[in-house]
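Residue-level listing of the chains:
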Amino acid sequence: MKIKLIAFDVNGTLFDDNAIFWKAINGVFEYFGKPALPLDVLRKRFGQPWTKIYREEGISENTASEKNLYEIYNKLYQGQIDPSPFKDIKPTLEWLKKKD
């Protein structure tokens, strides 16, 4: 069977960037003087749109637009070390390549 389409998110799927992601997400809270969320709380409350966690903690549209939140997050994320691919990603990518 030939695979016609595959789609997946890079974060936490191809790259082992959970710690980088968590630090950047909480860095946005710190940027606005809000306390960081513990990892277990972040996991429970994270969803789409991902910026809702900031709104729930009192960072309103008047304080920061969606665009502004993305810009701050991206700067914080990119300011860290580059994530490594998951150790078992190579066999998965090879399997997909064989399926053309």
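Preceding this paragraph is the structure being described.
Keep in mind it's a predicted model, so treat the numbers as computed, not measured.

Enquirer: Would you mind going over the overall build of the chain with me for this structure?
Expert: Of regular secondary structure, the chain possesses five helices and two strands. Reading the secondary structure of the chain in the N-to-C direction produces β-α-α-α-α-β-α. Computed over the C-alpha atoms, the radius of gyration of the chain is 17 Å, more than 25% above the 13 Å expected from 2.2 N^0.38 for a compact globule of 100 residues. Oriented by its inertia axes, the alpha-carbon framework of the chain measures out at about 50 × 25 × 25 Å. Here the chain holds 100 residues, and 26% of them are scored as buried. Of all intrachain contacts in the chain linking residues separated by at least 6 positions in sequence, the fraction that spans at least 24 positions is 63%. Surface accessibility of the chain: about 7,400 Å² in total, with carbon and sulfur atoms responsible for 56%. Separation of charge centres in the chain, based on 16 positive and 14 negative side chains, amounts to 5 Å.

Enquirer: Please clarify how helix 1 (residues 18–31) should be interpreted in this entry.
Expert: Residue pairs three or four apart in sequence face the same way in an α-helix, which turns once every 3.6 residues. With 14 residues, helix 1 ought to run about 20 Å at 1.5 Å a step, and its terminal C-alpha atoms sit 20 Å apart, in line with that. Of the residues making up helix 1, those classed as buried are I20, F21, A24, I25, N26, G27, V28 and F29. Looking at the buried side of helix 1, the elements it contacts are helix 2 (39–45), helix 3 (52–56) and helix 4 (66–78). G33, located one to two residues past helix 1, shows a positive phi value of around 75 degrees.

Enquirer: Whenever I open this one, the packing of helix 1 against helix 4 confuses me. Can you help?
Expert: The geometry of a pair of packed helices is captured by two quantities: the angle between their axes and the separation between those axes. Interaxial distance between helix 1 and helix 4 falls to 8 Å at its minimum, and their mutual angle equals 130 degrees. Classed by the angle they form, the pair helix 1 and helix 4 counts as oblique. Here the hand of the crossing between helix 1 and helix 4 comes out right-handed. Across the interface between the two elements, I20, F21, A24, I25, G27, V28 and Y31 of helix 1 pack against L69, I72, Y73, L76 and Y77 of helix 4. When grouped by side-chain class, the residues that make up the contact of helix 1 with helix 4 number eleven nonpolar, one polar and no charged.

Enquirer: Sorry if this is basic, but what is going on with the environment of T63 here?
Expert: Assignment of secondary structure puts T63 in the loop between helix 3 and helix 4. Overall, T63 belongs to the partly exposed group, its relative accessible area being 44%. For T63 and Q80, which are 17 residues apart along the polypeptide, the C-alpha to C-alpha distance reads 25 Å.

Parameters and conventions
- Residues numbered from 1 in each chain as written.
- Predicted model: local features only at pLDDT ≥ 70, side-chain atom pairs only at ≥ 80, totals over all residues.
- Heavy atoms only, no water.
- Helix = DSSP H or I, 4+ residues; strand = E, 2+ residues; numbered from the N terminus.
- Rg over C-alpha atoms; globule rule 2.2 N^0.38 Å.
- Buried < 20%, exposed > 50% of the residue type's maximum accessible area, 1.4 Å probe, protein only.
- Contact = heavy atoms within 4.5 Å.
- Areas by Shrake-Rupley, 256 points an atom, 1.4 Å probe, with all protein chains shown as cover.
- Lys, Arg positive; Asp, Glu negative; His and termini not counted.
- Charge placed at Lys NZ, Arg CZ, Asp CG, Glu CD.
- Expected span 1.5 Å × (residues − 1).
- Axes fitted to C-alpha atoms, helices over the stretch in contact; angles between N-to-C directions.
- Parallel < 35°, antiparallel > 145°, perpendicular 65-115°, else oblique.
- Left-handed = near helix turned anticlockwise from the far one by under 90°.
- Nonpolar A, V, L, I, M, F, W, Y, C, P; charged D, E, K, R; others polar.

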